[in-house]
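Coordinate inspection notes
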Amino acid sequence: MATVLSVHDRRILTAVNSGASSLSFVGSGFIVLCYSLFKELRKFSFKLVFYLSLSDMLCSFFNMVGDPSKGFFCYAQDYTTHFFCVASFLWTTTIAFTLHRTVVRHKTDVEDLEGIFHLYVWGTSLVMTVIHSIGNNNTHFGAWCWGQTGRTGKAIHFITFYVPLWGAILYNGFTYFQVIRMLNNATRMAVGISDRAYQFDSRTDTKALNRWGYYPLILIGSWAFGTINRIHDVIEPGHKIFWLSFLDVGTAGLMGLFNSIAYGLNASVRRAIYERLELFWPERLQRWFPNSSRQRNQQQQSELVSLKIQDQQ
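So, here's what we can say about the structure. Remember, predicted model here, so these are calculated numbers, not experimental data.

Examining the overall build of the protein
In terms of regular secondary structure, the protein is built from 12 helices and 2 strands. Relative to its 313 residues, the protein shows a buried fraction of 48%. The contacts in the protein between residues at least 6 apart in sequence include a share of 78% that link residues at least 24 apart.

Put into structure tokens, the structure is as follows:
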């Protein structure tokens, strides 16, 4: 028996989509603002994070303003959200590539590849969006206009979004595995050879890079339910599962927030914010933040900056 989402269910999904996208918009916008305000963050390593956050911010914005109940705004939401969401996870592959090329291959020419990165990300996103428009017949899919009727439209949507998405997930996972393994091997070799200070720095860098092993899980957590929902829609096109659509809309809408926390809120950003706030704090409040905390933050290396990827001033 065919089961469609009721008006009440769609209103709930719309509210969830708007709320999650708003959080992602704020989180991504905060990283974009930090990059714009703090000159010390304008290095190539963090510039990639800026492009990632910018894509997330625009993806979240158009996801909020699109109106599935109106034809023009429905198509506008479909194409713009598709374009910037694809660009978002493609920028994560450039970050993974940069880490791999710097740490594993010991190359220092990553900054020269910025133009190629832009061509790869924006060009691929545009091509996927144009192909996505073939046989496009937008319909309400809960809270957004990504749902398509007909086998051709569903197949094209899956090929132009979920295939490159899971390709990016597999690439990032393999790349981070190689980077972490190499750093762990280098740290073990340093034990007993170098002095204690160098060993401390190595352990700090390795601890920071180990966190990168969890970053592919951001894309998995954001789009796993969406992938399952698309597959279910192909198998049973007339049967909609509300709780699956709820998880699909909620986790996908939070991708920008997850990326901003994982990629953007590193030690360098926190230190830059702390130093600016310290200028305006009264002296009686500064005693609540002892100098030891600041020194500890300064000793920490950010996940990208610790690799010294083109960090020359």
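Some words on the pattern of salt bridges
All chains considered together, the criterion is met by 5 salt bridges. In this structure, Lys 240 and Asp 233 form a salt bridge, with 2.6 Å as the shortest nitrogen-oxygen distance. Residue classification places Lys 240 among the partly exposed residues on the basis of a relative accessible area of 23%. The buried category is assigned to Asp 233, whose relative accessible area is 7%. Connected through salt bridges with shared partners, the residues Lys 154, Asp 233 and Lys 240 form a single ionic network.

Examining the packing of helix α1 (residues 7–37) against helix α8 (residues 242–253)
Relative orientation of the contacting elements α1 and α8 amounts to 20°, with a least axis distance of 7 Å. By the angle between their axes, α1 is roughly parallel relative to α8. Judged by the sense of rotation from one axis to the other, the crossing of α1 with α8 is right-handed. Residue-level contacts link Asp 9, Ile 12, Leu 13, Val 16, Asn 17, Ala 20, Ser 21 and Ser 24 of α1 to Phe 242, Ser 245, Phe 246, Val 249, Gly 250 and Gly 253 of α8. Considering only residue class, the contact of α1 with α8 consists of 7 nonpolar, 6 polar and 1 charged.

Quick notes on the nonpolar core
Core analysis: the biggest nonpolar cluster contains 48 residues, and Phe 89, Phe 161, Leu 165, Trp 223 and Tyr 263 have the highest contact counts within it. Of all the elements in the fold, those that place two or more residues in this core are α1, α2 (44–65), α3 (71–104), α4 (114–132), α5 (151–190), α7 (216–235), α9 (255–264) and α10 (267–280).

A few points about the environment of Leu 257
Checked against the element boundaries, Leu 257 lands in helix α9. In this structure the C-alpha to C-alpha distance between Leu 257 and Leu 23, which are 234 residues apart in sequence, comes to 6.2 Å.

Quick notes on the packing of α8 against α9
Between α8 and α9, the least distance of the axes is 4 Å, while the angle of their chain directions is 35°. Every residue of α9 that contacts α8 at Thr 251, Ala 252 and Gly 253 is listed here: Met 255, Gly 256 and Phe 258. A breakdown of the residues in the contact of α8 with α9 according to their chemical character gives 3 nonpolar, 3 polar and no charged.

Focus on the side chain of Asn 259
Inspection of the secondary structure assignment puts Asn 259 in helix α9. Sequence-distant contacts of Asn 259, defined by excluding residues within four places in its chain, comprise Leu 52, Asp 56, Ser 88, Ile 218 and Gly 264.

Considerations on unusual backbone geometry
Positive phi values are uncommon outside glycine, yet His 106 reaches one of about 60°. You can see His 106 is positioned in the loop between α3 and α4. Residue classification places His 106 among the exposed positions, given a relative accessible area of 55%.

Points about the packing of aromatic side chains
All chains considered together, the criterion is met by 18 aromatic pairs. For the ring pair Phe 97 and Phe 117, a centre distance of 5.9 Å and an interplane angle of 90° mean the geometry is edge-to-face. One end of the pair, Phe 97, is in helix α3; the other, Phe 117, is in helix α4, with 20 residues separating them in the sequence. Overall, the relative accessible area of 6% leaves Phe 117 in the buried class. Aromatic pair Phe 242 and Phe 246: ring centres 6.2 Å apart, planes at 50°, arrangement tilted. A residue pair is termed a helical-turn pair when its members lie 3 or 4 positions apart in one helix, as Phe 242 and Phe 246 do in helix α8 at 4 residues.

Cut-offs applied
- Residues numbered from 1 in each chain as written.
- Predicted model: local features only at pLDDT ≥ 70, side-chain atom pairs only at ≥ 80, totals over all residues.
- Heavy atoms only, no water.
- Helix = DSSP H or I, 4+ residues; strand = E, 2+ residues; numbered from the N terminus.
- Buried < 20%, exposed > 50% of the residue type's maximum accessible area, 1.4 Å probe, protein only.
- Contact = heavy atoms within 4.5 Å.
- Salt bridge = Lys/Arg side-chain N within 4 Å of Asp/Glu carboxyl O.
- Axes fitted to C-alpha atoms, helices over the stretch in contact; angles between N-to-C directions.
- Parallel < 35°, antiparallel > 145°, perpendicular 65-115°, else oblique.
- Left-handed = near helix turned anticlockwise from the far one by under 90°.
- Nonpolar A, V, L, I, M, F, W, Y, C, P; charged D, E, K, R; others polar.
- Core = buried A, V, L, I, M, F, W, Y, C linked by side-chain atoms within 4.5 Å.
- Phe/Tyr/Trp six-rings, centres within 6.5 Å; stacked < 30°, edge-to-face > 60°.

Any functional reading would require information that these geometric values do not contain.
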